[in-house]
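# Understanding the architecture of this molecule
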Amino acid sequence: MTENSQINPRPHRRNNSLDQFTDPFSTAEIYYGPETDPTKKQTKGFNRTRTMSVFGNASQFKIADFTSLPVRRRGSEDDSYLSTKGKRRFFIEDVDATLQKLLSCEDTDNNYQITIEDAGPKMIRIGTANSNGYNKISIKGTYMLSNLLQELTLAKSFGRKQVMLDEARLNENPVNRLERLIATQFWKSLTRRIDLYNVAKIAADTKIDTPAAKVPRIYVPHNCPDQYEFYVQASQMNPASSLDVEYLPEDITEEYVKSINDRPGLLALAMEKHMDPATGEEAMFSYPYVVPGGRFNELYGWDSYMMALGLLDSAKTDLARGMVEHFIFEIEHYGKILNANRSYYLCRSQPPFLTDMALKVFEKMGGKSNPDAISLLKRAFAAAVKEYKSVWMAAPRLDEATGLSCYQPNGLGIPPETEAGHFDAVLQVYADKHKVPIEEFRNLYNNGTVVEPELDEYFLHDRAVRESGHDTTYRFDGVCAHLATIDLNSLLYKYEVDIAEHIELFHDGEFTDLLNEKTDTAYWRSRAAKRKQRITKYLWDEETGFFHDYHIKFKERMTYESATTLWALWAGVATLEQAHSMVTKALPKLEMLGGLVSCTEESRGEVSIERPTRQWDYPFGWAPHQILAWEGLSKYDYVGEARRLAYRWLYLMTKAFVDYNGIVVEKYDVTKGTDPHRVEAEYGNQGADFKGVATEGFGWVNTSYVLGLKFMDTSARRGLASCISPDSFFSNLKPEHRGKYAMP
Ligand SMILES: OC[C@H]1O[C@H](O[C@H]2O[C@H](CO)[C@@H](O)[C@H](O)[C@H]2O)[C@H](O)[C@@H](O)[C@@H]1O
Ligand SMILES: [Ca+2]
């Protein structure tokens, strides 16, 4: 018996022999969770998890001072990449200590991320699993080091003290890694499913800073007693949570909404009743939903549509379906699809996408072969017709003269959810006029002691800007409520076309809606045709190749050049000639290094301290703009242009992901190749503020990655993985491949 075998009563098993138990790319829960935690498992038998026997042996080896043992472990050739067939593993004997060492050496700017801006040696040595940590291998370069930081942070969050780590997890192809994280991790972190125990946590909100906002609160529609009881029960079961449950009045007026601005709360969403398998009794269950990320921790309007596209692609149909149910509920109980389900959003909506969302969910649920899918589709369309008529085609949003619609929610006072100081420059003028500090003026104005009609007008437009989803941009500053935009009118055209088809296919051509009004397919087709005509008449500018906004008071077309012109393609409202003009004249002005920019630099104008950058303007690019443009261009057979734009956007995302510790953010500066995620505008960037590892990405950006990749072939994926800049990638294309990117 050797000294070695005395320490290890069982023969040592080579770590590589455990391969059959391992998927190096399994989710963090599996990879680091209790199932694979050696300290939580019996060490007998062969049905151990992958780290088991290794740990059993390894730790005893270590305790016995491995280095002094007469028998040396395998030579370094056993640990070479080649001899392990690329399946090398590391043994991290002390997760905490390794993390600390890694951060102290490599995170030189102390932000808990390892990025290209850190000036460390960019190299750390860690022991291989094959040698039970004895042989050290160098992990080099920002990407691998930052992946090590991410993996160790995850391991630690699962309470792991030691881990075996596959090298494949550290040098994973970045395109595959980001795709994998979105599918298996990010959506999960962004998912909310309210139950009796978590509602107080879900209700918490960081946007409002009043004493009453510190109390988690939920508002329930006046006619939902079951929900009210459910939440009261939740509150009683967890008194420590201090959950406040309140009914909303039947008539939700703008005065009422303003009156609860300092007592904000989450708004109840759709629930279903069915048997609880755990108790055998009937119980209430909330439908799940997905939040955008960062400070946006509630169900949003257009974000939900964009996220649904990604979720459906990842076969997470139940989540997308849940959001359709919530929208149906919101239309029924709050009168509209809300900007988001917080009390301070009760008066305003967001860009409408319900018909398309319902159709896409319907298809994924099995379409006509699934009665449940048909029922959902019919309920969603009934709700959409109500929304169309009572929100978008009614006062104050409808402009009777043009027949077009504007974003124009009602509401009173100063929107409370914006970042601190956002309105200071505007309010200062009035505070000076009334000789009071800004804070005092804010109260005087909000409680109606001071009346300032000009300021009312300012906030009318500001609310409209927020309803448009494009908060904020100089395109809309001080005018938004009076603009018939190409964005909104394209979306309404799509509603009309979709509703016409729905009535034809599911209601034999005639439909009695929730307002008890009868319409038929022809009615909706003629509405769509009229809108198409009006869009051309009022918004189209053949000279620039842009659909611009139309000012309904000044009765003139504006000149701002916005990426939303391409929504006309997505909705199918542009003619073939208009599409051609847009692609040849407008697109070149909007196409930047990293994809579509929100608007042209010229339209935005000069920025300065007095006229700061707005987040929905040049030089920033947003996922929903990219997604709608790709689909719109493809619809009109400009697939090459769509693919080219997609490569640009994915390049930017991948580059930031590789260089900046796995970052995925709300928006990017599409003119910058190096740190495109760094956006100094308004509330900064959501998704950038994490320690060690990003676990959410950002909702609609996650979708954009998944959808953009659909345009990429193997060589494009390789180009992205190697972060080959668009210019270099396009210029090195073989002549026969240039057409794929619409390159001459
Ligand atoms: O708090 C400031 C504003 O935040 C939201 O707007 C931004 O985030 C939303 C969620 O991702 C997104 O839908 C919107 O397009 C963004 O500009 C919110 O929607 C605004 O109402 C709010 O004032
Ligand atoms: Ca750092």
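Criteria and cut-off values
- Residues numbered from 1 in each chain as written.
- Chains lettered and ligands numbered in written order.
- Predicted model: local features only at pLDDT ≥ 70, side-chain atom pairs only at ≥ 80, totals over all residues.
- Heavy atoms only, no water.
- UniProt positions renumbered as here; feature names shortened; annotations may be inferred.
- Donors = N, O, S within 2.8 Å, 3.2 Å for Na, K, Ca; no water.
- Tetrahedral: all angles 85-135°; square planar, octahedral: opposite > 155°, others 65-115°.
- Near = heavy atom within 4 Å.
- Polar contact = N/O pair within 3.5 Å; in protein donor to acceptor, adjacent residues only side chain to side chain.
- Areas by Shrake-Rupley, 256 points an atom, 1.4 Å probe, with all protein chains shown as cover.
- 1 Å grid on protein atoms, 1.4 Å probe; cavity = no way out; pocket = protein on both sides within 12 Å on 5 of 7 lines; lining within 4 Å.
- Sits in = over half its atoms within 2 Å of the grid points.
- Nonpolar A, V, L, I, M, F, W, Y, C, P; charged D, E, K, R; others polar.
- Pairing = 2+ DSSP bridges.
- Helix = DSSP H or I, 4+ residues; strand = E, 2+ residues; numbered from the N terminus.
- Points joined across faces, edges and corners; volume = space filled by probe spheres on them.
- Domains from an automatic or database assignment.
- Buried < 20%, exposed > 50% of the residue type's maximum accessible area, 1.4 Å probe, protein only.
- Lys, Arg positive; Asp, Glu negative; His and termini not counted.
- Salt bridge = Lys/Arg side-chain N within 4 Å of Asp/Glu carboxyl O.
- Contact = heavy atoms within 4.5 Å.

An unreviewed UniProt entry annotates the chain as Trehalase of Lachancea dasiensis. Reading the Catalytic activity (unreviewed entry) entry of the UniProt record for the chain gives the comment "alpha,alpha-trehalose + H2O = alpha-D-glucose + beta-D-glucose". As its UniProt record puts it under Sequence similarities (unreviewed entry), the chain is described as follows: "Belongs to the glycosyl hydrolase 37 family."

## Considerations on the coordination of the calcium ion (ligand 2)
Around the calcium ion (ligand 2), the protein supplies D107 (OD), D109 (OD), N111 (OD1), Q113 (O), D118 (OD) and D118 (OD) as donor atoms, at distances of 2.2 to 2.6 Å. Because the angles between the 6 donor atoms bound to the calcium ion (ligand 2) fall within 51 to 166°, the donor set is best described as irregular. Read in sequence order, the donor residues for the calcium ion (ligand 2) give the motif D-x1-D-x1-N-x1-Q-x4-D.

## Quick notes on the site of ligand 1
Around ligand 1, the structure places 20 residues, and the nearest of them are D303, N339, E417, R466 and G469. Within the side chain of N339, one N or O atom sits 2.7 Å away from an oxygen atom of ligand 1. Within the backbone of G469, one N or O atom sits 2.4 Å away from an oxygen atom of ligand 1. In isolation ligand 1 offers 470 Å² of accessible surface; the protein chains occlude 100% of this area. Judged by the proximity of its atoms to the pocket grid, ligand 1 belongs to the largest cavity. Residues of the shell around ligand 1, tallied by class, amount to 9 nonpolar, 4 polar and 7 charged.

## A closer look at the sheet that holds strand β20 (residues 556-557)
Read from one edge of the open sheet, 3 strands run β14-β19-β20, paired in antiparallel fashion. Of all the strands in the sheet, just β14 (483-484) and β20 have a single pairing partner and so form its edges.

## Side note on the layout of surface pockets
Considered as a void within the structure, the largest pocket measures approximately 680 Å³ in volume. Counting only elements with at least two residues in the lining of the largest pocket, the list comes to α10 (254-259) and α16 (438-446). Counting residues per element, the lining of the largest pocket draws most heavily on α16, at 4 residues. Tallied by class, residues from the lining of the largest pocket come to 7 nonpolar, 11 polar and 8 charged. If you count residues domain by domain, the lining of the largest pocket takes at least three from each of domain 2 (194-360) and domain 3 (423-483).

## Thoughts on the side chain of D303
If you trace the backbone, D303 turns up in helix α11 (residues 302-313). The side chain of D303 sits in the buried core without any salt bridge; K667 is the nearest counter-charge, 11 Å away. If near-sequence neighbours (up to four positions away) are discounted, D303 is found in contact with P292, Q350, F698 and W700.

## Here we look at the pairing of strand β3 (residues 136-140)
Burial along β3 is one-sided: the residues I137 and I139 are buried and none of K136, S138 and K140 is. With 5 bridges joining them, strand β2 (residues 123-127) and β3 adopt antiparallel strand pairing. Across the sheet, the residue bridging to G127 is K136, located in β3.

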